[in-house]
Amino acid sequence: MKDSCVLGKAVDTQKFGCAVAIKGLLFMLAVLSVLNPAMLPPYGVEIDGSNKWPSPVEERQNFNAVNSDTGSDDRLIMKLAAEVVQSDESVLGKEGSDKIKDAGNIIESAVVPDTATQPFDTNDKSDGQPSFVETEKPAENKSFAGNSESSTTQSPAPLNQGQDEVPSNTDSPAPNTGINCEFSDYRYNMCSIEVNVRVIGSSATVLLIPSPSTAPDTNVWKIRPFTRKWEDVTMARVREFTIQWAPDQNQAPACDVTHDVPILIFSTEGFPFNPFHDYTDLLIPIFLAAKQYNGEIQFGVTNFHVPWINKYQPYLQALSHYPLINLDSETLVHCFPSGQIGLRGTGPITVDPSFAQHGYTMQDFRHFMRTSLSLERAQVEIIEKTSNKKPRIAILLRKGTRTFTNEDEIIEMAQGVGFEVARADTETTKDFPRFAHIINSCDVLMGLHGAGLTNMLYLPNNGTVLQVIPWGDLKFISWKDYGEPTKEMGLNYVEYEIKEEESTLIEKYPRNHTVFTNPQELHKQGWMAMYTVYLVEQSVKLDVNRFRGVLVDLFNSLTQQ
């Protein structure tokens, strides 16, 4: 079959064409990164020698979810699955779309009905801009050195029109010294610039200004300044910036605004208000790039996400003393002495010490967080059992999927052990940074596997993360996402893996079903099959008698005679 397509084995093109097989595979990979971001390998699918991964999708309407661990991602993925099948049926016929269902292991009973999204609550000003975004006249930005060279507000035409661009997306420095780019890491592309630059937001252009003695250079660099490079679909939404040398100083557009501090350009595209992604993709990389400047750095933001920026004002304002520049709407030419385009990505809610700028660690980041949010507690202290104080435990109460079906019974049992319990339900988690203070006041954060456990970042040093692992051989996944990061945070980690009797799956499947007898067989069928059953269909009814021993041990570790 010379016209057939091979994906592990030959596929009959008359019944299941190449387009169907490829789309099924790409869909599976797209789901992988958002559902379990820490499990993505550092290698993509080799396409033309580059690492490329599809990206997840996001429910952008869910702006309110400070802790987006409430099932919205699950509903969205199931909705996406249905839409993919529906769209394929219109093109390929019912037989083709049915085979996509089979190839993707989409279990029909797991499709979760879509629900109304939460209201848009951003604390915006009346003009829709964050309070610290640059909206006034340029002269009011205290980073400006001197008067503008020109008062024009029209977008300059691109330079070198009609000339051939020479792409130079490599790690080696450009022939003209002053720019060094990193393109080999699978997470990100980034260029560090040590010469004068002119940033033209309207055309997404960064011009490098050569010295009078520098020979002309036609190298051009293209960067999408976001840290999920392996996800093609995600990165396609990120605005691309072009970096190139101006022919000479006289042919570059005049400066409308001159700054005397460097610029850091990044995108806020991605998965806003999913705490795992907020910190992994943006906040930690921004900290690593900007902390060294002690506030003397200007942020230029593209894909300008107002609600996200409003939420994280405390961090952004602590890292930069200057109003943000919205590069999507800016018409002025901004000039800087140097800059960085893009961020260095790192591992899931952690700092990779092998390439962390200036030796920063997760302990440094957590100290920065406590200072920025004015969190009171830096350390968990042992409590005298004879005192009136009790250890505090925050219990994450999810909504939608992976819920505790007997949450009141769990809370009552924890109180009986001796804990003071803070209920971290979806209403409570919306209120940031107040919720960070609640977690900081606790000694233990407990929750089912999911993004809400990212709130461990607010715990004091020597606090404890207690992760409840659902049924389905999910121990390794759970450890990589939320167990391993605790080591660098100065936190303790405890896990509780439920028995099948504690899973609501016993109400849906017979006990001799593969779901119970051989979970790894379901894993082998593909991510979507495993995810649908174990992370969407499943909730947990904790055996409080069995679980009580875990809390007793924790209580004893936090108290003394």
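For the structure itself, consult the block above.
Residues numbered from 1 in each chain as written. Predicted model: local features only at pLDDT ≥ 70, side-chain atom pairs only at ≥ 80, totals over all residues. Heavy atoms only, no water.

1. Digging into the overall build of the protein chain
Then step 1. A tally of helices and strands in the protein chain yields 16 helices and 22 strands.
Then step 2. Within the protein chain, the fraction of its 561 residues that count as buried is 57%.
Then step 3. Here the contacts in the protein chain between residues at least 6 apart in sequence split such that 77% fall between residues at least 24 apart.
Then step 4. Counting only carbon and sulfur atoms, one obtains 49% of the accessible surface of the protein chain, whose full area is about 23700 Å². (Helix = DSSP H or I, 4+ residues; strand = E, 2+ residues; numbered from the N terminus. Buried < 20%, exposed > 50% of the residue type's maximum accessible area, 1.4 Å probe, protein only. Contact = heavy atoms within 4.5 Å. Areas by Shrake-Rupley, 256 points an atom, 1.4 Å probe, with all protein chains shown as cover.)

2. Describing the sheet that holds strand E12 (residues 298–302)
Then step 1. Ordered by their spatial adjacency, 6 strands build an open sheet running E4-E5-E15-E11-E12-E13, and the pairing between neighbours is mixed. In this open sheet, the two strands that pair with only one neighbour each are strand E4 (179–182) and strand E13 (325–326).
Then step 2. Of the pairings in the sheet, the one linking strand E11 (residues 263–267) to strand E15 (residues 339–341) comprises 3 bridges and is parallel in character. Of the residues in E15, the one forming a bridge with Ile263 is Gly339.
Then step 3. Relative to the sheet, helix H4 (residues 275–290) contacts E11, E12 and E15, its axis offset from that of E11 by approximately 170°. (Pairing = 2+ DSSP bridges. Axes fitted to C-alpha atoms, helices over the stretch in contact; angles between N-to-C directions.)

3. A closer look at the state of the cysteines
Then step 1. As enumerated under the stated definition, the model contains 2 disulfides in all.
Then step 2. With its sulfur 1.8 Å from that of its partner, Cys255 forms a disulfide with Cys335. Of note, the bridge from Cys255 to Cys335 carries an S-S torsion of about -100° and is left-handed in sense. On the criterion of sequence distance, the pair formed by Cys255 in the loop between strand E9 (241–245) and strand E10 (257–258) and Cys335 in strand E14 (residues 333–336) is long-range, its members being 80 residues apart. For the pair shown, Cys255 and Cys335 are each scored as buried.
Then step 3. Along the protein chain, the cysteines that take part in disulfide bonds pair up as 1-2, 3-4, counted in sequence order. (Disulfide = S-S within 2.5 Å.)

4. Points about helix H7 (residues 362–373)
Then step 1. For H7, with 12 residues, the first-to-last C-alpha span of 16 Å sits near the 16 Å given by 1.5 Å per residue.
Then step 2. Of the residues making up H7, those classed as buried are Met362, Phe365, Arg366, Phe368, Met369, Arg370, Ser372 and Leu373.
Then step 3. In this structure, the buried side of H7 is in contact with H4, helix H6 (313–319), helix H10 (434–440) and helix H12 (486–489).
Then step 4. The N-cap residue of H7 is Thr361: its side-chain oxygen and the backbone nitrogen of Gln363 are 3.3 Å apart.
Then step 5. Just downstream of H7, Ser374 is the residue with a positive phi angle, here 55°. (Expected span 1.5 Å × (residues − 1). Polar contact = N/O pair within 3.5 Å; in protein donor to acceptor, adjacent residues only side chain to side chain.)

5. Details of the nonpolar core
Then step 1. Residues Tyr279, Phe299, Tyr315, Phe365, Met456 and Tyr458 are the most contacted members of the largest nonpolar core, which totals 60 residues.
Then step 2. Broken down by element, this core gets its largest block of residues, 10 residues, from H4.
Then step 3. Each residue touching Tyr279, except ones within four places of it in the same chain, is listed here: Ile284, Pro285, Tyr312, Tyr315, Ile349, Phe365, Met369, Phe432, Thr454, Leu457 and Tyr458.
Then step 4. Formed by 45 residues, the second largest nonpolar core is a distinct cluster that contains Val380, Leu448, Val544 and Phe547. (Core = buried A, V, L, I, M, F, W, Y, C linked by side-chain atoms within 4.5 Å.)

6. A closer look at helix H15 (residues 527–537)
Then step 1. The buried count for H15 comes to 11 of 11 residues, which makes it a mostly enclosed element.
Then step 2. For H15, the full list of buried residues reads Trp527, Met528, Ala529, Met530, Tyr531, Thr532, Val533, Tyr534, Leu535, Val536 and Glu537.

7. Examining the side chain of Thr350
Then step 1. Locating Thr350 in the fold gives a position in the loop between E15 and H7.
Then step 2. Not counting chain neighbours up to four residues away, the residues in contact with Thr350 comprise Ile284, Met362 and Glu488.

8. Digging into the sheet that holds strand E20 (residues 464–469)
Then step 1. Here we have 5 strands laid out as an open sheet, ordered E18-E17-E19-E20-E21, and parallel in their pairing. Whereas interior strands pair on both sides, the edge strands pair on one side only; in this sheet they are strand E18 (420–424) and strand E21 (492–497). Averaged over all pairs of adjacent strands, the angle between strand axes in this sheet comes to 20°, irrespective of strand direction.
Then step 2. The sheet contact formed by strand E19 (residues 444–448) and E20 spans 5 bridges and is parallel. Opposite Gly447, over in E20, you have Gln467 as the bridge partner.
Then step 3. Lying on the sheet, helix H8 (residues 407–417) is in contact with strand E17 (392–396), E18 and E19; it crosses E18 at an angle near 155°.

9. Remarks on unusual backbone geometry
Across residues other than glycine, the phi torsion is negative in most instances, and most of the peptide bonds are trans.
Then step 1. Look at the link from Phe432 to Pro433: it is a cis peptide, with omega at 10°.
Then step 2. Residue position: Pro433 is located in the loop between helix H9 (426–429) and H10.
Then step 3. We note that Ala204 has phi near 50°; this positive angle belongs to a residue other than glycine.
Then step 4. One can find Ala204 in the loop between strand E6 (197–200) and strand E7 (205–208).
Then step 5. Even without a glycine there, the phi angle at Ile349 is positive, about 35°.
Then step 6. Inspection of the secondary structure puts Ile349 in the loop between E15 and H7.

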